[in-house]
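So you can see what is in the structure, the chains are spelled out below.
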Amino acid sequence: MPSRPYLFNTQCLAVRRAVADDAPFILSLWSDPQVMRFVGFPRGLPTAARDVSQRLRLPGRSPLLVVEYRETGEPVGQCLLGAPDECGVCEPDIKLTPCQWGRGYGTELWVAIIDQLFLTTACAAVRGTPNVANVASIRMMEAAGMRRVGEGRFEFPCSMQAYTVPVPHFVYEITRAAWQGRREEVSGRTSE
């Protein structure tokens, strides 16, 4: 495995902070209509490499993270952990390249992100808002122990409506107590 400062690992993946050299890869994800259609950008996010590079340098924002294969260091996605809001809720995000879909990496990564947030922040809950049409994302959240607690519809500001569509979504959450219960249950099963 390449020598990099990884924040956390999963069985197959490693997650690290994005650096300036990652801007082209992140841009390829954000501009891909397949990756961005369920988050309201049916033609991809209209942005440029310099905009991504600027985002990587902005202080005070939750840093963009790159997801790589542990063994090779090949980038396969991007994620964002997110800091707890005023109610103690974190809303992480992941985007994987389409050629990685259907392999279980999303669920593996989502579970690790939830663990990371509960282990390293004081968050009370982790929330996900999958598009109602994104069956894979819904399954991923349910496999991670999240429960559906509501639904909504995200509307973009008028200045963005020429290249966006509204996003009807479900709201999924896992509380710290539910997460802890799952960990204890899994721990009990492995010690038997």
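Details of the structure are given in the entry above.
Residues numbered from 1 in each chain as written. Predicted model: local features only at pLDDT ≥ 70, side-chain atom pairs only at ≥ 80, totals over all residues. Heavy atoms only, no water.

Quick look at the layout of surface pockets now. One number sums up the size of the largest pocket: a volume of about 1,400 Å³. If you trace the largest pocket, you find 45 residues lining it, with Val35, Val39, Asp93, Ile94 and Lys95 closest to the centre. Residue contributions to the lining of the largest pocket peak at five residues, all from helix α5 (residues 135–143). By residue class, the composition of the lining of the largest pocket is 22 nonpolar, 14 polar and nine charged. Estimated volume of the second largest pocket: approximately 190 Å³. Taken together, ten residues line the second largest pocket, and the ones lying closest to its centre are Val111, Asp115, Arg182, Arg183 and Val186. Breaking the lining of the second largest pocket down by element, the ones donating at least two residues are α4 (105–120) and α6 (176–190). When residues of the lining of the second largest pocket are assigned to their parent elements, the largest contribution, six residues, is made by α6. Class assignment of the residues belonging to the lining of the second largest pocket gives a composition of five nonpolar, no polar and five charged. (1 Å grid on protein atoms, 1.4 Å probe; cavity = no way out; pocket = protein on both sides within 12 Å on 5 of 7 lines; lining within 4 Å. Points joined across faces, edges and corners; volume = space filled by probe spheres on them. Helix = DSSP H or I, 4+ residues; strand = E, 2+ residues; numbered from the N terminus. Nonpolar A, V, L, I, M, F, W, Y, C, P; charged D, E, K, R; others polar.)

Two numbers describe how α4 lies on α5: the axes approach to 9 Å, and their chain directions differ by 45 degrees. Here α5 runs oblique to α4, going by the angle between their axes. Crossing hand, α4 versus α5: right-handed. Facing Gly106, Thr107 and Trp110 of α4, the residues of α5 in contact are Met140, Met141 and Ala143. (Axes fitted to C-alpha atoms, helices over the stretch in contact; angles between N-to-C directions. Parallel < 35°, antiparallel > 145°, perpendicular 65-115°, else oblique. Left-handed = near helix turned anticlockwise from the far one by under 90°. Contact = heavy atoms within 4.5 Å.)

Once that is clear, we can look at the packing of helix α1 (residues 23–30) against helix α3 (residues 49–57). Their axes nearest at 9 Å, the elements α1 and α3 cross at an angle of 115 degrees. Judged on the interaxial angle alone, α3 and α1 are roughly perpendicular. In the packing of α1 onto α3, the handedness of the crossing is right-handed. Between α1, through Ala23, Ile26, Leu27 and Trp30, and α3, the contact on the second element is made entirely by Ala49, Val52, Ser53, Arg55 and Leu56. Here the residues of the contact of α1 with α3 sort into seven nonpolar, one polar and one charged.

Taken as a whole and assessed by the stated rule, the structure comprises five aromatic pairs. With a centroid separation of 5.1 Å and an interplanar angle of 65 degrees, the aromatic rings of phenylalanine 41 and phenylalanine 156 are classed as edge-to-face. Residue phenylalanine 41 is located in the loop between α2 (33–36) and α3, and its partner phenylalanine 156 is located in the loop between β8 (147–154) and β9 (167–175); the two are separated by 115 residues in the primary sequence. Residues phenylalanine 41 and phenylalanine 156 agree in their burial class; the two are buried. Their ring planes at 25 degrees and their centres at 6.3 Å tell us that phenylalanine 41 and tyrosine 163 sit as a pair that is stacked. Of this pair, phenylalanine 41 sits in the loop between α2 and α3 while tyrosine 163 sits in the loop between β8 and β9, placing them 122 residues apart in sequence. For phenylalanine 41, a relative accessible area of 8% translates into the label buried. Ring pairs connect the aromatic residues Phe41, Phe154, Phe156 and Tyr163, which therefore count as one cluster. (Phe/Tyr/Trp six-rings, centres within 6.5 Å; stacked < 30°, edge-to-face > 60°. Buried < 20%, exposed > 50% of the residue type's maximum accessible area, 1.4 Å probe, protein only.)

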